[in-house]
Amino acid sequence: MMDLVIPDKIHDESRQGEALVLEPAAGKNNGRKLYIESYGCAMNFSDSEIVASILLEQGFETTADYSVADVIFINTCSIRENAEQRVRNRLKEFTVAKVKKPGLVVGVLGCMAERLKSKFLEEEKLVDVVVGPDAYRDLPNLIDQVDSGQKAVNVLLSREETYADISPVRLNSNGINAFVSIMRGCDNMCSFCVVPFTRGRERSRDPQSIVAECTDLFNKGYREVTLLGQNVDSYKWKAGSESEGPSSESETNPGDNTTNFANLLELVALVNPELRVRFSTSHPKDITDEVLHTINKYENICNYIHLPVQSGNSRILEMMNRTYDRDWYINRIDAIRRIITDCAISTDVITGFCTETDEEHNDTVTMMDYVKYDFAYMFKYSERPGTLAAKRYADDIPEEIKQNRLQQIVAKQQEYSFYRMQARIGKVEKVLIEGYSKKSDKDYCGRSDQNAMVIFPVGENYKPGQYVNVLIERSTSATLIGKVV
Ligand code: 5AD
Ligand code: SF4
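Remember, it's a predicted structure, so these values are computed and weren't measured experimentally.

Every residue lining ligand 2 is accounted for by C186, N188, M189, C190, F192, C193, V195, P196, Q230, H283 and R322. Considering only residue class, the shell around ligand 2 consists of seven nonpolar, three polar and one charged.

Okay, the pairing of strand β22 (residues 467-475) next. In the case of a regular strand, side chains alternate between the two sheet surfaces. The pairing of strand β19 (residues 428-436) with β22 spans five bridges and is antiparallel. From the neighbouring strand, V428 faces β22, where its bridge partner is L471. Summarising the sheet, β22 and strand β23 (residues 479-484) pair through five bridges and their orientation is antiparallel. For L471, the partnering residue across the bridge sits in β23 and is K483. Between β22 and the antiparallel strand that follows it, β23, lie three residues.

Let us look at the site of ligand 1. Taken together, I79, R80, F192, Q310, D348, I350, F379, K380, Y381, S382 and R384 are the residues near ligand 1. Within the contact set of ligand 1, an oxygen atom lies 2.5 Å away from a side-chain nitrogen or oxygen of D348. Burial of ligand 1 by the surrounding chains reaches 87%, relative to a free accessible area of 400 Å². Contributing elements (two or more residues each) for the shell around ligand 1: β17 (344-351) and β18 (375-380). Grouping the amino acids of the shell around ligand 1 by side-chain chemistry returns five nonpolar, two polar and four charged.

So, how was this worked out
- Residues numbered from 1 in each chain as written.
- Chains lettered and ligands numbered in written order.
- Predicted model: local features only at pLDDT ≥ 70, side-chain atom pairs only at ≥ 80, totals over all residues.
- Heavy atoms only, no water.
- Near = heavy atom within 4 Å.
- Nonpolar A, V, L, I, M, F, W, Y, C, P; charged D, E, K, R; others polar.
- Pairing = 2+ DSSP bridges.
- Helix = DSSP H or I, 4+ residues; strand = E, 2+ residues; numbered from the N terminus.
- Polar contact = N/O pair within 3.5 Å; in protein donor to acceptor, adjacent residues only side chain to side chain.
- Areas by Shrake-Rupley, 256 points an atom, 1.4 Å probe, with all protein chains shown as cover.

These figures capture arrangement, not role.
Structural data, given as structure tokens:
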């Protein structure tokens with residue numbers, strides 16, 4: 001049984017394994033075709049766009065058909081075991097393609113690179129090149145090495161790399177929403193998590209390059225940006241800390257030269273009032289009232305916060321090394337409700353973490369009752385090699401219990417999602433139209449400020465990329481349905 005996830009754009013099930021296809025760079029063609037497919041979180045999809053823009057500069061063309069490709073890349077995720085298993089199966093299919101086409105280059109990018117490099121390259125001989133998330137600038141060089149008959153590896157993690165100067169090419173995109181990476185890596189060391197090992201130390205990107213990218217996106221017609229980081233609330237940029245820090249005092253905290261996340265949100269909100277700003281992921285230990293006040297102050301910063309709780313029990317949170325307890329989390333929820341008018345909240349939950357008792361699991365259930373989340377991503381604990389939990393604690397909750405607990409919270413979330421959706425009936429939502437609905441080209445779909453998917457009939461006076469007011473008439477647990485007013 002797979003993890004049960006309520007889909008959303010941040011870890012979008014429907015995009016797993018999607019291939020990226022782009023216009024070739026003008027005037028450059030090396031006659032070679034690149035196929036790149038991506039797994040995992042939005043950060044990984046965003047990284048694939050960086051990889052593509054580096055290789056387009058080298059004259060590559062992209063293709064959606066791996067059987068005609070000269071280079072196949074798979075951008076991988078390690079967060080849970082089933083994500084890794086999926087990639088492994090896919091690599092076996094590519095190996096078959098390689099037998100038919102000997103010059104074919106097959107490479108593994110992203111989070112699985114560091115941990116599995118020797119396994120993939122030497123033991124299983126599945127791939128020619130393995131590249132970690134901080135080494136994408138080295139790709140042209142690594143491909144040359146493979147062309148000359150060697151295996152190539154670069155899994156070095158960096159303390160500085162943010163790819164700030166590379167403007168990612170965005171296709172497979174509707175031209176309306178884009179992800180913008182504002183930081184990389186993570187310093188939190190949650191005991192269950194591989195990210196600090198696969199993506200390295202946390203570093204923030206120059207705010208000026210972020211604002212420039214968002215301005216450029218707006219000028220190209222985009223109307224929504226999602227600022228991405230593992231822990232956006234610890235975003236921090238000190239002017240002069242890099243060769244080109246922000247130059248203008250007015251863009252930073254008065255008195256000191258540091259831009260924090262609240263300041264950055266404000267800078268991006270000011271790009272244009274017609275540009276919606278979203279962000280993910282917030283960390284309960286770091287989300288400040290200042291951030292909440294900034295969200296409330298700007299109409300175009302969406303009232304939606306993804307605030308992973310992981311567990312509702314303080315002892316389990318301590319073992320998870322989350323550095324907050326139940327009371328702290330509740331205090332942050334209360335602050336959101338107090339400061340922001342009408343804010344949706346979603347979360348991540350892990351069931352069956354090491355030593356979790358039934359009573360402790362029940363604390364997670366009662367937390368869900370307290371918050372009544374709009375959405376939740378729910379997972380069974382899966383031990384990841386090299387993490388603190390793998391070293392310190394036995395993965396001792398039987399699969400069946402993990403599964404039962406997961407099912408219980410999934411059912412509970414289903415109820416609360418429906419409850420939140422039903423509460424919208426009779427209200428008017430401002431919706432940014434994204435395109436036709438999945439089911440019918442007689443309907444448009446788009447998201448409300450609170451990130452709910454809204455479906456309504458197509459009309460002559462509005463089109464994708466525009467905002468409309470939709471009166472909500474009914475709902476399912478995942479969608480609001482209504483008409484433009
Ligand atoms: N087992 C289960 N879920 C995990 N997550 C991260 N690591 C693990 C793991 N080892 C979940 C957390 C995190 C989300 C991105 O994935 O809930 O917030
Ligand atoms: Fe992993 Fe915790 Fe960092 Fe999130 S905050 S990426 S769960 S270590």
